Amino acid sequence: MKMNPEDKLLKLGILLPQPPQPKGSYTSCTRAGNLVYVSGQGPAIEGIPKYVGKVGQDLTQEEGYESARICGINLLAQLKSYLGTLDKIIKIVNLRGYVNSAVDFYGQSAVIDGASDLMKSIFGEETGIHSRCAIGVSNLPGNISTEIEMIVEVAD
Amino acid sequence: MKMNPEDKLLKLGILLPQPPQPKGSYTSCTRAGNLVYVSGQGPAIEGIPKYVGKVGQDLTQEEGYESARICGINLLAQLKSYLGTLDKIIKIVNLRGYVNSAVDFYGQSAVIDGASDLMKSIFGEETGIHSRCAIGVSNLPGNISTEIEMIVEVAD
Amino acid sequence: MKMNPEDKLLKLGILLPQPPQPKGSYTSCTRAGNLVYVSGQGPAIEGIPKYVGKVGQDLTQEEGYESARICGINLLAQLKSYLGTLDKIIKIVNLRGYVNSAVDFYGQSAVIDGASDLMKSIFGEETGIHSRCAIGVSNLPGNISTEIEMIVEVAD
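Residues numbered from 1 in each chain as written. Chains lettered and ligands numbered in written order. Predicted model: local features only at pLDDT ≥ 70, side-chain atom pairs only at ≥ 80, totals over all residues. Heavy atoms only, no water.

Considerations on the interface of chain B and chain A
Then comes step 1: Across the boundary between the two partners, chain B contributes 32 residues, which contact 26 residues of chain A.
Then comes step 2: Carbon and sulfur atoms make up 53% of the area that chain B and chain A hide from each other, which totals about 2,100 Å².
Then comes step 3: At the boundary of chain B and chain A, one finds 1 salt bridge.
Then comes step 4: For Glu149 of chain A, the salt bridge is made with Arg96 of chain B, and the minimal N-O distance between the two is 2.7 Å. (Contact = heavy atoms within 4.5 Å. Buried area = accessible area lost by both parts, 1.4 Å probe. Salt bridge = Lys/Arg side-chain N within 4 Å of Asp/Glu carboxyl O.)

This is the structure in structure tokens:
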């Protein structure tokens, strides 16, 4: 039997936090038609970035993966707050991940898998798998290690 | 009484310029369904970039904010040219801002607020507030200080 | 008489390759409504990146253009595999190009034209021209020289 995402979160022991407040003149989610755009999320836990600095220098690739996973949890927390329930999501459409990277670090794909793997484990293969772009950048706001934005499709 | 965006521009004394020409094999706006995608805009005024170089090194954060505001004005100039009137816009959906950043500059959110604040002041809180991503990058075309792209929803 | 894209590919002697496999926990194309999102593609030929390193340092701008053109061919290979035929595409909506850039390289627009010119030559001016963003970044996965993602509109 297929589990819905809310049950799956429970089963995995993931408690969605209060979603982080936007750090500027914007909002966390907007909707146009059946698409919901979620603003770029960092790896904050209770308002404090868990990972700062460059992956491949200040952080290992594995810590980068964990940083991306927290971004993913915050994306879901924003969607839960906006939609009321994750069960309205019918497709994780697109995810874009930015990795604060050391000059010689090229493992951005493996880092962003931290968020992608989360989406698959919560929503299942069919709904959770998404198109994606993983990019290395020189700087992120507040020197966070990863930032991820997402587009989902919701039911009418 | 709610002002429409064209009246609001007048009231704020903002005269939209001729929109900048694309600097390559692309066009400034495309539409799919009710979404209009606007190509990345720089801080050009009458064809000349007003701000070049890195924020946090060649420019202050406040100048970066002003650079982002000019990008915002150019985004609106493109939309006005494409749609005929900004009054057709029913939602500023998503904005993505890239900041040409010094190695130790982390104020990308405050910089991109230059465009976000503009959207709110022209379209009002409900229509103008958007989801967003702010990113620091090592280079932008022509060494401009900020580049911003946007997606808006238009009426049928 | 207007040529369809499949005929145009033949006429230009472009044989679409097997599309590259995703290098992580994602898929190459997703659809929401009439939009298809294609994951970021690099300049791989038969699984091997043709261009690695920084444009303006390890590569010339002209090689960067060629790198972007290969990204474009891979984007089309993904779409062909996903849709069965490119003839279902009614609009190239939006393209976002990232250029692995030397510190003093500012020709990102000219580089990404490698993909944009391809889209125009395959789909014609009306369907092929798109909105775009060209960005310089410090790192890309596997040190590839360019990465490009795209959104297209398909017929019902």
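Here we look at the environment of Val52 of chain A
Residue and element names in this part refer to chain A.
Then comes step 1: Relative to the helices and strands, Val52 resides in the loop between β4 (48-49) and α2 (61-83).
Then comes step 2: On the basis of relative accessibility, which here comes to 41%, the residue Val52 falls in the partly exposed class.
Then comes step 3: Distance from Val52 to Leu83, taken between C-alpha atoms, is 30 Å for residues 31 residues apart in sequence.
Then comes step 4: Apart from the residues lying within four places of it in its own chain, the contact partners of Val52 are Asp58, Leu59, Gly142, Asn143, Ile144 and Ser145. (Helix = DSSP H or I, 4+ residues; strand = E, 2+ residues; numbered from the N terminus. Buried < 20%, exposed > 50% of the residue type's maximum accessible area, 1.4 Å probe, protein only.)

Observations regarding the pairing of strand β2 (residues 35-41) of chain A
For a regular strand, side-chain orientation follows a simple rule: the groups alternate between the two sheet faces.
Residue and element names in this part refer to chain A.
Then comes step 1: Taking burial as the measure, the 7 residues of β2 include 7 buried ones, the bulk of the element.
Then comes step 2: Relative to β2, strand β1 (residues 29-32) runs antiparallel, the two being bridged by 4 bridges. Its bridge partner being in β2, Ala32 is matched across the sheet by Leu35.
Then comes step 3: Between β1 and β2, which pair antiparallel one after the other, the connecting turn spans 2 residues, and Gly33 there sits at a positive phi close to 60°.
Then comes step 4: Pairing between β2 and strand β7 (residues 146-154): 5 bridges, direction antiparallel. (Pairing = 2+ DSSP bridges.)

As for the packing of helix α1 (residues 5-12) of chain B against helix α3 (residues 108-128) of chain B
All names here are of chain B.
Then comes step 1: Running from N to C, α1 and α3 cross one another at 140°; their axes reach a closest spacing of 10 Å. Taken together, the axes of α1 and α3 lie oblique to each other. The crossing of α1 and α3 is right-handed. Each of Pro5, Lys8, Leu9 and Leu12 in α1 lies in contact with α3, whose residues at this interface are Ser121, Ile122 and Phe123. (Axes fitted to C-alpha atoms, helices over the stretch in contact; angles between N-to-C directions. Parallel < 35°, antiparallel > 145°, perpendicular 65-115°, else oblique. Left-handed = near helix turned anticlockwise from the far one by under 90°.)

Notes on the relation of the copies chain A and chain C
To go from the first copy of the chain to the second, apply a rotation about an axis and then a shift along the same axis.
Then comes step 1: Superposing chain A onto chain C takes a rotation of 120° plus a shift of 0.0 Å along the axis, which leaves an RMSD of 0.0 Å. What the superposition gives is, in effect, a three-fold axis relating one chain to the other.
Then comes step 2: Looking at the interface residues of chain A, only 19% of them are also at the interface in chain C, so each copy uses its own face. (Least-squares fit on C-alpha atoms with pLDDT ≥ 70 in both.)

Quick look at the relation of the copies chain B and chain A
Then comes step 1: Each copy superposes on the other: chain B lies on chain A with an RMSD of 0.0 Å after a rotation of 120° and an axial shift of 0.0 Å.
Then comes step 2: Little of the interface of chain B is mirrored in chain A, where only 19% of its interface residues again form contacts.

Some words on the sheet that holds strand β7 (residues 146-154) of chain C
Residue and element names in this part refer to chain C.
Then comes step 1: A sheet is described by the order of its strands in space; here 5 strands give the open sequence β1-β2-β7-β5-β6, paired in mixed fashion. Looking at which strands have only one partner, the edges of the open sheet turn out to be β1 (29-32) and β6 (131-137). Pairs of neighbouring strands in the sheet enclose a mean axial angle of 15°, with direction left out of account.
Then comes step 2: Relative to the sheet, helix α2 (residues 61-83) contacts β1, β2 (35-41), β5 (89-100) and β7, its axis offset from that of β7 by approximately 40°.
Then comes step 3: Against the sheet, helix α3 (residues 108-128) touches β5, β6 and β7, its axis set at about 175° to β5.

Here's the deal with the environment of His130 of chain B
Then comes step 1: Residue placement: His130 of chain B occurs in the loop between α3 and β6 (131-137).
Then comes step 2: What makes His130 of chain B buried here is its relative accessible area of 0%.
Then comes step 3: With 15 residues separating them in the primary sequence, His130 of chain B and Ser145 of chain B have C-alpha atoms 22 Å apart.
Then comes step 4: Among residues more than four places away in sequence, those in contact with His130 of chain B are Ser25, Tyr26, Thr27 and Thr30 of chain A together with Ile92, Val93, Asn94, Leu95, Ser116 and Met119 of chain B.
Then comes step 5: Polar contacts involving the side chain of His130 of chain B include one to the side chain of Ser116 of chain B, which spans 2.8 Å. (Polar contact = N/O pair within 3.5 Å; in protein donor to acceptor, adjacent residues only side chain to side chain.)

Digging into the side chain of Arg96 of chain B
Then comes step 1: Here Arg96 of chain B shows up in strand β5 (residues 89-100).
Then comes step 2: A distance of 2.7 Å separates polar atoms of two side chains, one belonging to Arg96 of chain B and the other to Glu149 of chain A.
Then comes step 3: Residues in contact with Arg96 of chain B, not counting those within four places in the same chain, are Arg96, Tyr98 and Glu149 of chain A, Cys133, Glu147, Ile148 and Glu149 of chain B together with Arg96 of chain C.

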